[in-house]
Amino acid sequence: MHGIVEAVARAPRHQLGKRVVSEIHLFAGLGVGGDVHAGVTVKHRSRARIMPDAPNLRQVHLIHAELFDELAGQGFAVGAGTMGENIATRGVPLLDLPRGTRLTLGRTAVIALTGLRNPCIQLERHQAGLMQAVLGRAADGSLIRKSGVMAIVLHGGTVCPGDGVAITLPAEPHLRLEPV
């Protein structure tokens, strides 16, 4: 299984959107250089208030670019960086991958998926109805969170649009991604 990096983004402070840039640098155990969520311990504000010393399982946020297409078809104005992601991929079934899946991005960067992003009210502030649009229901009635996945950086490197994405599944049994 392979895909590509469609866009990369970062933001130095807490805000919903991130600025699309020509490249980002991933640092092992930290995250995206120059991004507010980089660090060993949790940086997400609501989580940091509760457990400030918790490990940062949200160093890198990825979204499948196909979600932008889906949302645009519903009339939403979204694109790379809009929903706070660091990396937009295309051709990678992010939501279907198990916890611990390793993604090799470009030549050297390797990340491990830790869980799902739980969409927050900030999406609604961007555009009315957006938060509901990134939630769905499976046939069994369970909630589907479509707003991306979170990861930690195992091996650093530079990531640019057009870089390949190689997928390495973890050993079985595979564990489903859950919100982190």
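This is a predicted model, so every value here is computed, not measured.

(A) Expanded view of the overall build of the chain. The number of helices and strands found in the chain is four helices and 13 strands. For a compact globule of 180 residues, the expected C-alpha radius of gyration is about 16 Å, and the chain comes in at 15 Å, within 12% of that figure. With respect to the three principal axes, the spread of C-alpha positions in the chain is 35 × 35 × 35 Å. Counting the 180 residues in the chain, one finds 45% classified as buried. Pairs at least 24 residues apart make up 68% of the contacts formed inside the chain by residues separated by at least 6 positions. Accessible surface, the chain: about 8600 Å² in total, of which carbon and sulfur atoms supply 56%. When the 19 basic and 14 acidic side-chain charges of the chain are each reduced to a single mean position, those positions are 8 Å apart.

(B) Broad picture of a nonpolar patch on the surface. Judged by side-chain polarity, Phe27, Leu30 and Val40 come together as a nonpolar surface patch covering roughly 270 Å² of accessible area. With respect to the helices and strands, the residue leucine 30 is situated in the loop between β3 (24–27) and β4 (31–32). According to the relative accessible area criterion, leucine 30 is partly exposed, its value standing at 38%.

(C) Molecular detail of the side chain of threonine 114. Residue placement: threonine 114 occurs in strand β8 (residues 109–116). Residue threonine 114 is classed as buried on the basis of its relative accessible area, which comes to 12%.

(D) Highlighting the sheet that holds strand β12 (residues 157–159). The strand order β4-β3-β12 describes an open sheet built from three strands, whose pairing is antiparallel. In this open sheet, the two edge strands, each paired with only one partner strand, are β4 and β12.

(E) Structural view of the environment of arginine 19. Inspection of the secondary structure assignment puts arginine 19 in strand β2 (residues 19–21). By relative accessible area, which is 55% here, arginine 19 ends up exposed. Remark: the alpha-carbon pair of arginine 19 and alanine 138, spanning 119 residues in sequence, is separated by 33 Å. Apart from residues lying up to four places away in sequence, arginine 19 is in contact with Val8, Ala9 and Arg10.

So, how was this worked out
- Per chain, the residues get numbers from 1 upward, laid out in the order the sequence is written.
- Local features in a predicted model are, by the rule used here, given only for residues with pLDDT of at least 70; side-chain atom pairs are given and counted only at 80 or more, and totals for whole chains, interfaces and linings are based on all residues.
- Note that water and hydrogens are dropped before the side-chain values are worked out from all heavy atoms of the structure.
- Helical segments are the DSSP runs of H or I of at least four residues, strand segments are the runs of E of at least two, and each set is numbered from the N terminus.
- The size measure is the radius of gyration over C-alpha atoms, and the globule rule it meets is 2.2 Å times the number of residues to the 0.38 power.
- Using a 1.4 Å probe on the protein chains alone, a residue whose accessible area is under 20% of its type maximum counts as buried, one over 50% counts as exposed, and one in between counts as partly exposed.
- The contact criterion used is simple: two residues touch if any of their non-hydrogen atoms lie within 4.5 Å.
- All accessible-area figures derive from a Shrake-Rupley calculation using a 1.4 Å probe, and residue coverage is judged against the displayed protein chains alone.
- Positive charges come from Lys and Arg alone, negative charges from Asp and Glu alone, with His and the N- and C-terminal ends not counted.
- Just so you know, the charge point we use is NZ for Lys, CZ for Arg, CG for Asp and CD for Glu.
- Residues enter patches when they are more than 30% accessible in relative terms and free of salt bridges; like-charged ones are connected within 9 Å and nonpolar ones (Val, Leu, Ile, Met, Phe, Trp, Tyr) within 5 Å.
- Note on definitions: salt bridges are taken to be side-chain nitrogens of Lys or Arg within 4 Å of carboxyl oxygens of Asp or Glu.
- Pairing between two strands requires that DSSP report at least two bridges joining them.

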